[in-house]
Amino acid sequence: FNFVPKWSPDGEWLLFGSGEHYNCHPHLGRKDGTGLKKLADRGGYRGVVERLRHPDFHSESSDVPVWSKDGNDVFYTAKVADRIELMRVNLDGAITQLTDSQPGTRHYHPAVSPDGKWILFGSDRSGTMQLYVATTDGQSTRPITDVPLGHCAMHGHWQPRVR
């Protein structure tokens, strides 16, 4: 199962999810087909986010890895104990855990800002699925939505800067 291919900013690498359905991990390969490698393990995380804890007609969306602006890192989510944490891995495989949450917390759908300084992501750390921003080192985290109980914020997107 290989899906969600994304070219690196320099066009040299292809990032994609690979593995068995509901057990996929970030992988890389060079544009010429060489250098194929598993970049990180998701620790048993199924790689999908249920919108609400009680599924509806289409309850899950894929939680996929994304490139940093400079192409030196990949942001993804992985299971750590009983939490889904936000992670960063460089192309050599050095992993940094960016969030350290309470049991049962889920982080999801990372998106890097156009200037490469911020990461937008979802989290249910408050008990409701909200969107947050943090610096790409995981510091200075703050919520940017205030969704009422029983609702959720799923996919955040950055607006391109107008010049």
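Located above this text is the structure these notes cover.
Remember, it's a predicted structure, so these values are computed and weren't measured experimentally.

**Some words on the overall build of the protein**
No. 1: Check the secondary structure of the protein and you find zero helices and 14 strands.
No. 2: Helices (α) and strands (β) of the protein occur, in sequence order from the N terminus, as β-β-β-β-β-β-β-β-β-β-β-β-β-β.
No. 3: The C-alpha radius of gyration computed for the protein amounts to 15 Å, which stays within 12% of the reference 15 Å derived for 163 residues, consistent with globular compactness.
No. 4: For the protein, the spread of C-alpha atoms along the three principal axes comes to 50 × 45 × 30 Å.
No. 5: By residue count, 45% of the 163 residues in the protein fall in the buried class.

**A closer look at the packing of aromatic side chains**
No. 1: As enumerated under the stated definition, the model contains one aromatic pair in all.
No. 2: Across from the ring centre of Tyr132, 4.7 Å away, lies the NZ or CZ of Arg125, which sits over that ring.

**Things to note about the sheet that holds strand 7 (residues 66-67)**
No. 1: On the basis of which strands lie adjacent, the open sheet formed by four strands has the order 7-8-9-10 and antiparallel pairing. Unpaired on one side and paired on the other, strand 7 and strand 10 (95-97) mark the two borders of the sheet.
No. 2: Taken together, the two bridges between strand 7 and strand 8 (residues 73-80) define a ladder with antiparallel strand orientation. Paired with Val66 across the two strands is Phe75, which belongs to strand 8.

What counts as what
- Sequence order as written defines the numbering, with residues in each chain counted from 1.
- Per-residue local features are limited, in this predicted model, to residues with pLDDT of at least 70; the limit for side-chain atom pairs, both in listing and counting, is 80 or more; totals at the level of whole chains, interfaces and linings are taken over all residues.
- By convention in this description, side-chain values take in all heavy atoms of the structure and omit both hydrogens and water.
- A run of DSSP states H or I qualifies as a helix once it reaches four residues; a run of E qualifies as a strand once it reaches two. Both are numbered from the N-terminal end.
- Note that the radius of gyration is over C-alpha atoms, with the globule rule given as 2.2 Å times the number of residues to the power 0.38.
- A 1.4 Å probe rolled over the protein chains alone gives each residue an accessible area, and that area as a share of the maximum for its type sets the label: buried under 20%, exposed over 50%, partly exposed in between.
- Pairing of aromatic rings covers Phe, Tyr and the six-membered ring of Trp, with a centre-to-centre limit of 6.5 Å; geometry is then stacked below 30 degrees between planes, edge-to-face above 60, and tilted otherwise.
- Whether a charge sits over a ring depends on NZ of Lys or CZ of Arg being within 6 Å of the ring centre and within 35 degrees of the ring normal.
- A pair of strands is labelled paired if DSSP reports no fewer than 2 bridges between them.

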